[in-house]
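# Architecture at a glance
Residues per chain are reported as follows:
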Amino acid sequence: MKASFLAPVALALVLGGCARTGEIDASGGITAVRSACPIVGVAAGTGDITLFKTPGATDQGSIDLIANLTNVRGNCADSGSDIVTTVSFDVEARRNDTAAARDVVLPYYIAIVRGGTNVVAKRVGRVNVHFDAGQARGQVAGEASTTISRAAATLPDDVREKLTRRRKAGDEDAAVDPLTNPEVRQAVASASFEALVGFQLTDAQLRYNATR
């Protein structure tokens, strides 16, 4: 999964009752479900890291190790006053020099992004990838967690009413998407969160990922 700090959060309507996502209800229109749980993904440009044998080198022949974040999964506990999401992932690495056993420590982060652009929390961790002598590939599992206030992820009642109010043909606003209202759109964005993981890269590593 890919996500970007600068990409707008996908917005979905809140509904009541027992309708399922994609159903057409009796009054017309397609229902959509909005979860208080954050969207889980990898921030664009930080899902892989490349280490070089020589500081400052960026040519193919100088590559020492390449690692990727894969199998990113989220487990959300959507109960109580806080919403706790555990994000698990694998780090798969490949090295070029396999002569000796080696341990490589790689830094990663987990960040909470609100409204698609606002990083409200970030924590850095580390994983250790072990290679036996003669082994070119290594893998390790990682895990991080986030906590979001339920109040912050809940839409105000007046916004919920505007989004879920049944509209009949002929009504003045029947054909108007409520998300075209700037106040409604801002409220939905403010209550939408992402839990993003990635490697904690240096400026040089970010530039390399962006231009290679």
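Here, the structure is the one placed above.
We now turn to the structure provided with this report. Residue numbers run consecutively from 1 along every chain, following the written order of its sequence. Two thresholds apply to this predicted model, a pLDDT of at least 70 for residue-level local features and 80 or more for giving and counting side-chain atom pairs, whereas whole-chain, interface and lining totals are computed over all residues. Side-chain metrics rest on all non-hydrogen atoms present in the structure, leaving aside hydrogens and water.

## Considerations on the sheet that holds strand β4 (residues 63-78)
Each strand in a sheet pairs with another by means of backbone hydrogen bonds, the pair being arranged parallel or else antiparallel. Sheet architecture is open: 4 strands sit in the order β3-β4-β5-β8, paired in antiparallel fashion. Where the open sheet ends on each side, the last strands, each with one partner, are β3 (48-52) and β8 (137-149). Between one strand axis and the next, the sheet turns by 20° as a mean value, whatever way the strands run. Strands are labelled as partners when DSSP assigns at least two bridges between them. Comment: elements are numbered from the N terminus, with helices defined as DSSP H or I runs of at least four residues and strands as E runs of at least two. As paired elements, β4 and strand β5 (residues 82-95) share 12 bridges and run antiparallel to each other. Each residue of the ladder has a partner; that of N68, found in β5, is E92. Note on contacts: a residue pair qualifies if any of its non-hydrogen atoms lie within 4.5 Å across the two residues. The axes used here are C-alpha line fits, helices contributing only the stretch in contact, and every angle between their N-to-C directions lies in the interval 0 to 180 degrees. Helix-sheet contacts for helix α3 (residues 203-211) involve β3 and β4, and the interaxial angle to β3 is about 115°.

## Side note on the packing of aromatic side chains
Working definition: rings of Phe, Tyr and Trp (its six-membered ring) pair if their centres are within 6.5 Å, and the pair is stacked with planes under 30 degrees apart, edge-to-face with planes over 60 apart, and tilted otherwise. Under the counting rule described, the total for this entry stands at 2 aromatic pairs. Here F52 and Y208 contribute two aromatic rings whose centre-to-centre distance is 5.2 Å and whose plane-to-plane angle is 85°, an arrangement assigned as edge-to-face. Placement of the pair is F52 in strand β3 and Y208 in helix α3, with a sequence separation of 156 residues. On the basis of relative accessibility, which here comes to 15%, the residue Y208 falls in the buried class. Arranged with centres 5.0 Å apart and planes meeting at 70°, the rings of F89 and Y108 form a pair that is edge-to-face. The rule is simple: take the accessible area with a 1.4 Å probe, protein chains only, and divide by the maximum for that residue type; under 20% is buried, over 50% is exposed, in between is partly exposed.

## Comments concerning the layout of surface pockets
A 1.4 Å probe that fits but cannot get out identifies a cavity on a 1 Å grid over protein atoms alone, an open set with protein on both sides within 12 Å along at least five of seven lines counts as a pocket, and a residue lines either if it has an atom within 4 Å of a point. Grid points are joined across faces, edges and corners, and a volume is the space filled by probe spheres set on the points. Volume-wise, the second largest pocket comes out at about 190 Å³. Lining the second largest pocket are 13 residues, with F52, A57, T58, A204 and Q205 sitting closest to its centre. Put simply, the parts of the chain that give the lining of the second largest pocket at least two residues each are β3 and α3. Looking at the lining of the second largest pocket residue by residue, the classes come out as 6 nonpolar, 6 polar and 1 charged. Polarity classes work like this: nonpolar for Ala, Val, Leu, Ile, Met, Phe, Trp, Tyr, Cys and Pro, charged for Asp, Glu, Lys and Arg, and polar for all others, with Gly in that last group.

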